[in-house]
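Descriptive analysis of the structure
Each chain, letter by letter, is given below.
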Amino acid sequence: MPSFIEHDDRPAVLAELHLRPFQSFATPHRFFHYAFVLKSGEAEKERQAFSALCAQLGATVPTSNTRFHLVTAMGWTLRWELHSEFASYTWSAETTVDAPFQRSAVDLPAPFKDHKPAGQMLVSVEAALVPRLESDETLETLFDKTNLSVIAAAEGCARVASDFQPHDTGAVRFLVEDLNLTPTRAGRLMQRMLELETYRCLALLGLPVARRAEPAVHRMESEVYALTREMESATSAAANQRLLRHLTSLSAELEKQIASTAFRLGATRAYAQILQARLEVLRESENGGYVSFSRFLRRRFNPAIATCNIIDDRQRALAVRLGYATDLLRARIQSELEDQNRLLLASMNRRSRMQLRLQQTVEGLSIAAVSYYITGLIGYLAKGAKAAGMLPKMIAPELAMAASVPLTILTVWWMLHQARKTWSRSGDSED
């Protein structure tokens, strides 16, 4: 083979399809399945707890980063799986007792009874793989008749019954009748049934979250409706600012709620899809006039999932509506600010014209005043020059003063004009 450089994740990609292999089970067989929900960061704690259990059982301890481990101890086979949100323990053992769910026939290893997993238990299943039953009366004694669901599975090679509710031990029961199953096919069927209950419970975790969120969603929808109605009649800037603050506060509250429910409601949607996929793989068919698993879930499970999806959709639609309302109100406030700025600029222009006229008036008066003082100084100079004999006798000081007036006015005007040009150039350079 060519010596190509392998991708770093190629081993993980290739191993994923074989990470959780099916097992083979002979009939009769007993199963105890538990699933514990883990919080964020508890995966490593769960792995350590399971490693301690394996040590107590005298079994092989899993390596680091292991997410699947299979051990045999004390006549039982333990299948441990670590998922992103939960960890599952599946105990299985072959038994010689054909009677389903007979307590005296099973006894889980003592170390497991004292085991402290990292998460909280959500799923508890007791399943039995038995030969064909003599009559359906046995089913009605093992399960609640009003909730009993029975299907033919594995292309008619098995019959599965359950009422999907906990019994005296707190476990949900599944009974699988071996009509013509091979051990390999029985292993696949049992694993799918246990996964069916696991993902059913995980999916329904979103229902309490949706129910707790619904009152707040309803209240915020009513507030948004009232605020948009009030926006139609709000005319003052103060009213618009008050509405904007209310909308902003409402948006922050909604975003906080969406952040707190997004993971759970999104997980509910994903688990519901996985559950549907597991039902399709079963290739179930109705049996004996009993309701099938699909019909049972369609009547009771699907409405719960629909409730979760509706709350999630309502939250996201409300966020969009809040965004539209906030943008509309901000556009209105911005328009009002632009109108105010336009009026302010017009007022400033009027004031500037008035200041210019006043400046021109003051400038004319200042030219006259400065020229008057300069002419007076020239008069004093002419009188002094006349007394000193420096001024010709034919030129009177008053005549010299009169002659200097036009020249003085022109000189003062030219100096002020040059100063104004200098100020204008220095102002443009600063800009």
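One can find the structure itself at the top, above this paragraph.
Worth saying up front: this structure is predicted, and the values here are computed from it rather than measured.

Using the criterion set out here, one finds 16 aromatic pairs in the structure. Aromatic pair W76 and W91: ring centres 6.4 Å apart, planes at 90 degrees, arrangement edge-to-face. Remark: W91 occurs in strand β4 (residues 86–94) and W76 occurs in strand β3 (residues 76–82); sequence separation between them is 15 residues. The two residues W76 and W91 agree in class, both being buried.

As a further point, take the side chain of R173. In this fold, R173 is placed in strand β8 (residues 172–178). Here the side chain of R173 touches L142 through a polar contact of 3.0 Å, landing on its backbone oxygen. The residues contacting R173, other than those within four sequence positions of it, are F101, E126, L142, F143, A161, S162, D163, Q165, H167 and D168.

Looking now at the environment of F25. Within the secondary structure, F25 sits in the loop between α1 (10–16) and β1 (29–37). Under the relative-accessibility criterion, F25 is labelled buried at 8%. Here the alpha-carbon distance between F25 and L329, two residues 304 residues apart in the chain, equals 67 Å. The residues touching F25, leaving out its near neighbours within four places in the chain, are F31, S92, L129, P183, A186, G187 and M190.

To continue, consider the packing of helix α5 (residues 183–204) against helix α7 (residues 237–282). The contact between α5 and α7 brings their axes to 8 Å, and the two run at 155 degrees. What the angle tells us is that α5 and α7 run roughly antiparallel. Here α5 runs over α7; the crossing is left-handed. Residues L189, R192, M193, E195, L196, Y199, R200, L202 and A203 of α5 form the contact with α7, whose own contacting residues are R264, T268, Y271, A272, I274, L275, R278, L279, V281 and L282. Classifying every residue of the contact of α5 with α7 gives 13 nonpolar, one polar and five charged.

On to the layout of surface pockets, then. Here the idea is plain: a probe the size of a water molecule rolls over the atoms and shows the empty space left. A volume near 260 Å³ is recorded for the largest pocket. Lining the largest pocket are 14 residues, and of these R20, F22, Q191, E195 and R278 lie nearest its centre. Looking at the lining of the largest pocket, its residues break down into six nonpolar, two polar and six charged.

The rules we used
- Residues numbered from 1 in each chain as written.
- Predicted model: local features only at pLDDT ≥ 70, side-chain atom pairs only at ≥ 80, totals over all residues.
- Heavy atoms only, no water.
- Phe/Tyr/Trp six-rings, centres within 6.5 Å; stacked < 30°, edge-to-face > 60°.
- Helix = DSSP H or I, 4+ residues; strand = E, 2+ residues; numbered from the N terminus.
- Buried < 20%, exposed > 50% of the residue type's maximum accessible area, 1.4 Å probe, protein only.
- Polar contact = N/O pair within 3.5 Å; in protein donor to acceptor, adjacent residues only side chain to side chain.
- Contact = heavy atoms within 4.5 Å.
- Axes fitted to C-alpha atoms, helices over the stretch in contact; angles between N-to-C directions.
- Parallel < 35°, antiparallel > 145°, perpendicular 65-115°, else oblique.
- Left-handed = near helix turned anticlockwise from the far one by under 90°.
- Nonpolar A, V, L, I, M, F, W, Y, C, P; charged D, E, K, R; others polar.
- 1 Å grid on protein atoms, 1.4 Å probe; cavity = no way out; pocket = protein on both sides within 12 Å on 5 of 7 lines; lining within 4 Å.
- Points joined across faces, edges and corners; volume = space filled by probe spheres on them.

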